[in-house]
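An overview of the molecular structure
Here are the chains, one letter per residue:
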Amino acid sequence: MRTQRQVVDYSLQKRAVLRELLAGRVGTYDVCDASPYLKNAARFHGEPTDRRCPICRSENLTLVHYIYGDELKQSAGQARTLAELPVLAMTLREFQVFVVEVCLGCDWNHLVEQYLLGRDGLTGDSEGTSEQDAAGAEGGGRRRREAQR
Ligand SMILES: [Zn+2]
């Protein structure tokens, strides 16, 4: 998504949890604890994936996108389909998205990533592009830095 920024990836934390599980230091009941709310959100707003659940390996994971932010008012904390996010991103200045993967088979769930969306990201994008253009027009900032070494 164009306005996506400040992405935090939680795959390391997830791998750590799976390692703990394999080592027997935590039980499946500790990590397969999706609430009825989360499972409903997965059923009605979830994004199906073709990735197998790392725990039961019989169901595919579903991604749930939760949105947070002052501008959302009473919608804050609700799940949204992936298709709804770009529309919101063009309407609002800034909101936070939390992506959670859920297995509807064994209730495994884990935070996948979080990021910001919203119109405020558009100006940031164009600034980045113009900076690159400027460097190119000057004949490349990199060559100058190399010459200094
Ligand atoms: Zn599962």
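These remarks concern the structure in this document. What you are looking at is a predicted structure, and each value in this text was computed from that prediction instead of being measured. (Residues numbered from 1 in each chain as written. Predicted model: local features only at pLDDT ≥ 70, side-chain atom pairs only at ≥ 80, totals over all residues. Heavy atoms only, no water.)

Brief notes about helix α3 (residues 36-45)
Among all positions in α3, only Leu38, Lys39, Ala41 and Ala42 are buried. Buried residues of α3, seen end-on, are gathered within an arc of 155 degrees and therefore sit on one face of the element. Away from its buried face, by an angle of more than 90 degrees, α3 presents the exposed residues Pro36, Tyr37 and Phe44. Those residues of α3 that are buried are in contact with β3 (60-68), β4 (79-80), β5 (95-102) and β6 (109-117). (Buried < 20%, exposed > 50% of the residue type's maximum accessible area, 1.4 Å probe, protein only. Helix = DSSP H or I, 4+ residues; strand = E, 2+ residues; numbered from the N terminus. Arc of directions from axis to C-beta. Contact = heavy atoms within 4.5 Å.)

Focus on the coordination of the zinc ion
Taken together, Cys53 (SG), Cys56 (SG), Cys103 (SG) and Cys106 (SG) make up the protein donors of the zinc ion, found 2.3 Å from the metal. Classification of the site at the zinc ion rests on its four donor atoms, whose angles at the metal span 105 to 116 degrees, yielding the label tetrahedral. Relative accessible area serves as the criterion here: at 0%, Cys53 is assigned to the buried category. (Donors = N, O, S within 2.8 Å, 3.2 Å for Na, K, Ca; no water. Tetrahedral: all angles 85-135°; square planar, octahedral: opposite > 155°, others 65-115°.)

Section: the side chain of Thr3
Following the sequence through the fold, Thr3 ends up in the segment before β1 (5-9). Overall, Thr3 belongs to the buried group, its relative accessible area being 3%. One polar contact links the side chain of Thr3 to the main-chain amide nitrogen of Gly118, over a distance of 3.1 Å. Look past the residues within four positions of Thr3 in its chain and what remains in contact with it is Ala89, Met90, Leu116, Leu117, Gly118, Gly121 and Leu122. (Polar contact = N/O pair within 3.5 Å; in protein donor to acceptor, adjacent residues only side chain to side chain.)

Quick look at the nonpolar core
Counting residues in hydrophobic clusters, the biggest one holds 12 residues: Leu63, Ile67, Leu72, Leu85, Leu88, Ala89, Leu92, Phe95, Val97, Val99, Tyr115 and Leu117. For this core, the secondary structure elements donating two or more residues are β3, α4 (84-91), β5 and β6. What Leu88 contacts, discounting residues up to four positions off in sequence, is Ile67, Leu72, Arg80 and Phe95. (Core = buried A, V, L, I, M, F, W, Y, C linked by side-chain atoms within 4.5 Å.)

A few points about the pairing of β3
Across the nine residues of β3, seven count as buried, placing the element largely inside the fold. Here strand β2 (residues 47-52) pairs with β3 via three bridges, running antiparallel. Bridging across to β3, Pro48 finds its partner in Thr62. In this sheet, β5 lies alongside β3 in antiparallel orientation, the contact comprising seven bridges. By the bridge assignment for β5, Thr62 is matched with Val102. Examined bridge by bridge, β3 and β4 share two bridges and lie antiparallel to one another. Bridged to His65 within β4 is Arg80. (Pairing = 2+ DSSP bridges.)

Section: the state of the cysteines
Disulfides are covalent bonds that connect the sulfur atoms of two cysteines. On inspection of all chains with the given rule, the structure shows zero disulfides. Lacking any disulfide linkage, Cys32 is separated from the closest cysteine sulfur, that of Cys106, by 3.9 Å. (Disulfide = S-S within 2.5 Å.)

Digging into the side chain of Thr62
By the element assignment, Thr62 lies in strand β3. For Thr62, the residues in contact, after removing those within four places along its chain, are Ala42, Gly46, Glu47, Pro48, Val100, Glu101, Val102 and Leu104.

A closer look at the pairing of β6
Alignment of β1 against β6, held across three bridges, turns out to be antiparallel. Bridge pairing in β6 places Arg5 opposite Leu116.

Function cannot be read off these values alone, since they describe shape.
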